[in-house]
Amino acid sequence: MNTRHPRILVIRNDKLGDFMLAWPALALLRANLPGARITVLVPSYTAPLAEICPHVDEVMTDLKLPGIWRSAQMLARAMKQKEFNAVITLFSSFDTGLAAWIAKIPYRLAPATKLAQVFYNKHLTQRRSKSAKPEYDYNMDLVRKFLDDQDIRDIRPVSPPYLQFEEMEIRELKRQFRDAHHIPGSHKLVFIHPGHGGSASNLSLIQYAALARNLYSRLGHHVVLTAGPGEEPQVRELSALLATVPHSSYFSRTGLVQFARYLQMSDVFISGSTGPLHIAGALNRCTAAFYPRRRSATALRWQTANDQHRRLAFMPPAGSDEDDMNDIDPVQCAGEISNHFLQ
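Because the structure is predicted, anything quoted here is derived from the model rather than measured.

**Q** Please set out helix α6 (residues 135–149) residue by residue, giving values where relevant.
**A** Helix length check: α6 (15 residues) gives 22 Å between terminal C-alpha atoms against 21 Å at 1.5 Å per residue, within 8%. Along α6, the positions that sit buried rather than exposed are Glu 135, Tyr 136, Tyr 138, Asn 139, Met 140, Asp 141, Leu 142, Val 143, Phe 146 and Leu 147. Those residues of α6 that are buried are in contact with β1 (7–11), α2 (23–32), β4 (86–89), β5 (107–111), β6 (122–124) and β12 (311–314). Immediately beyond the C-terminal end of α6, within one or two residues, lies Asp 151, with a positive phi of roughly 60°.

Right, here's the structure in full:
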């Protein structure tokens, strides 16, 4: 393989949050192979964010045709046209593994798990189900394995933010938002995203309302309730519960990239373990997140990729049911968030 200018395909074609947790791995790959041509394979709904990833040269969309064989054949044809030297599969599925094998990509790396590993000639044992470390670190381990196989030993580290819009652009967006909602310039913006599109459990709207009512700050703050497509009813219901709390709502109706721009405006982003949380993490915003005790969904496994001092994580106390979030005390959480981020 030409280690100076390889053509690399990175596959992470599942949910939004999972894809955002691949950005540190993509940054690591770019930092250590600046001459590489890096392509990502993603589902259509995360493609707009992939298009603005500074560590990526090209985006391939996984259209998922009906039937594993048809889907794999279509992907294989596209892979052959790109003449990839290597594929690094961060999330292994049968059809993408079959496609990489049919396309005869010389170097094929994936986690040593699932039946799909038979299609790869390089493997890394990870046992992600044990949730021993963050998902983004598992992803980075695969890139480290690839770099090691290319005899790249002195690996340059990377750090957040992994996504960042121009500061002047965000300042203007923030000014317009403050003016439209009559928010004083000294007030911090606390974004609360009560909805979630993933499998993780979340706080109830009553808990979110209690949390918002009990936030306090030295110079003042303003709560912004956010919603993606289909989540507007939850935000309207939460807004009704916050009648005495100054707040505004933002409904994301112009796509994920614009939503990400708004998230960069936030001083604090609060939510369950969901895609927007991990966008905020990639932006290196301050985050406060709620996780169940279930091992596959813990705060460690789905830790955000922002700096350590910029993240807080809350789980139910020991002894709670693994998916029961009712034992989380929103008033106590509000105090910790306020002391950590709003003073």
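We are not done yet, so read on.
**Q** Lay out the packing of aromatic side chains with the relevant residues and their values.
**A** Tallied over the full model, the rule gives nine aromatic pairs. Judged by centre distance (6.2 Å) and plane angle (45°), the ring pair of Trp 101 and Phe 119 falls under tilted. Here Trp 101 is found in helix α5 (residues 94–102), whereas its partner Phe 119 is found in the loop between β5 and β6, with 18 residues between them in sequence. Take Trp 101: its relative accessible area is 47%, and that puts it in the partly exposed class. With a centroid separation of 5.3 Å and an interplanar angle of 25°, the aromatic rings of Phe 290 and Phe 314 are classed as stacked. Here Phe 290 is found in strand β11 (residues 286–290), whereas its partner Phe 314 is found in strand β12, with 24 residues between them in sequence. With respect to burial, Phe 290 and Phe 314 carry one shared label: buried.

**Q** Go over the pairing of strand β10 (residues 268–272), please, and point to the residues and values.
**A** Taken across its five residues, β10 has five buried, putting it largely inside the fold. When strand β7 (residues 188–193) meets β10, the two strands line up parallel, connected through four bridges. The residue of β10 that forms the bridge with Phe 191 is Phe 269. In the sheet, β10 pairs with β11 via five bridges, with the strands oriented parallel. What sits directly across from Gly 272, in β11, is Phe 290. Taking the sense of rotation as the criterion, the β-α-β connection linking β10, helix α11 (residues 275–282) and β11 turns out right-handed.

**Q** Account for the pattern of salt bridges, naming residues and giving values.
**A** It is possible for side chains of opposite charge to pair when their charged atoms get near one another. Overall, the coordinates contain 22 salt bridges when judged by the stated rule. Where Lys 82 meets Glu 58, a salt bridge forms, and the shortest distance between an N and an O atom there is 2.5 Å. Linking Lys 82 in helix α4 (residues 68–82) with Glu 58 in strand β3 (residues 58–62), this pair joins segments that are 24 residues apart in sequence. Across the pair Lys 133 and Asp 141 runs a salt bridge, and its minimum N-O distance is 2.3 Å. What makes Lys 133 partly exposed here is its relative accessible area of 25%. Residue class for Asp 141 comes out buried when judged on its relative accessible area of 18%. When salt bridges with common partners are traced through the structure, they connect Arg 12, Asp 14, Asp 18, Arg 128, Glu 135 and Arg 301 into a single cluster.

**Q** Which residues make up the packing of helix α7 (residues 167–181) against helix α10 (residues 256–265), and what are the values?
**A** Packing of α7 against α10 brings their axes to within 9 Å, and their N-to-C directions diverge by 80°. Taken together, the axes of α7 and α10 lie roughly perpendicular to each other. Of the residues in α10, those touching α7 at Glu 167, Glu 169, Ile 170, Leu 173, Lys 174 and Phe 177 are Gln 258, Arg 261, Tyr 262, Gln 264 and Met 265.

**Q** With reference to specific residues and values, describe the sheet that holds strand β2 (residues 37–43).
**A** If you walk across this open sheet you meet the six strands as β3-β2-β1-β4-β5-β6, and the pairing is parallel. With partners counted over all chains shown, the strands left at the sheet margins are β3 and β6, one partner each. The average undirected angle you get between the axes of adjacent strands in this sheet is 20°. With four bridges joining them, β1 and β4 adopt parallel strand pairing. Among the inter-strand pairings, Val 10 is bridged to a residue of β4, identified as Ile 88. Packing against the sheet, α4 makes contact with β1, β2 and β3, and its axis sits at approximately 165° to β3. Those strands touched by α6 are β1, β4, β5 and β6, and its axis lies near 150° from that of β5.

**Q** Any details on the pairing of β5? Residues and values, ideally.
**A** For β5, the tally of buried residues reaches five of five residues, placing the bulk of the element in the interior. Here three bridges tie β4 to β5, and the two strands are oriented parallel to one another. By the bridge assignment for β5, Val 87 is matched with Arg 108. Read from β4 through α5 to β5, the crossover connection turns out right-handed.

**Q** Now, about the nonpolar core: what can you tell me, with residues and values included?
**A** What tends to happen in soluble globular proteins is that the nonpolar side chains get buried as a cluster. Judged by nonpolar contacts, the single largest core of 66 residues is most densely connected at Trp 23, Leu 29, Leu 49, Phe 146 and Ile 279. The greatest single-element share of this core, amounting to seven residues, is contributed by α10. For Ile 279, the contacting residues outside a window of four places in its chain are Leu 16, Met 20, Leu 49, Leu 163, Leu 256, Ala 260 and Leu 263. Counting residues in each nonpolar core, the second largest holds 31 residues, with Val 190, Tyr 208, Ala 212 and Ile 328 among its members.

Definitions and cut-offs
- Residues numbered from 1 in each chain as written.
- Predicted model: local features only at pLDDT ≥ 70, side-chain atom pairs only at ≥ 80, totals over all residues.
- Heavy atoms only, no water.
- Helix = DSSP H or I, 4+ residues; strand = E, 2+ residues; numbered from the N terminus.
- Expected span 1.5 Å × (residues − 1).
- Buried < 20%, exposed > 50% of the residue type's maximum accessible area, 1.4 Å probe, protein only.
- Contact = heavy atoms within 4.5 Å.
- Phe/Tyr/Trp six-rings, centres within 6.5 Å; stacked < 30°, edge-to-face > 60°.
- Pairing = 2+ DSSP bridges.
- Right-handed = clockwise from strand over helix to strand, strands pointing away.
- Salt bridge = Lys/Arg side-chain N within 4 Å of Asp/Glu carboxyl O.
- Axes fitted to C-alpha atoms, helices over the stretch in contact; angles between N-to-C directions.
- Parallel < 35°, antiparallel > 145°, perpendicular 65-115°, else oblique.
- Core = buried A, V, L, I, M, F, W, Y, C linked by side-chain atoms within 4.5 Å.

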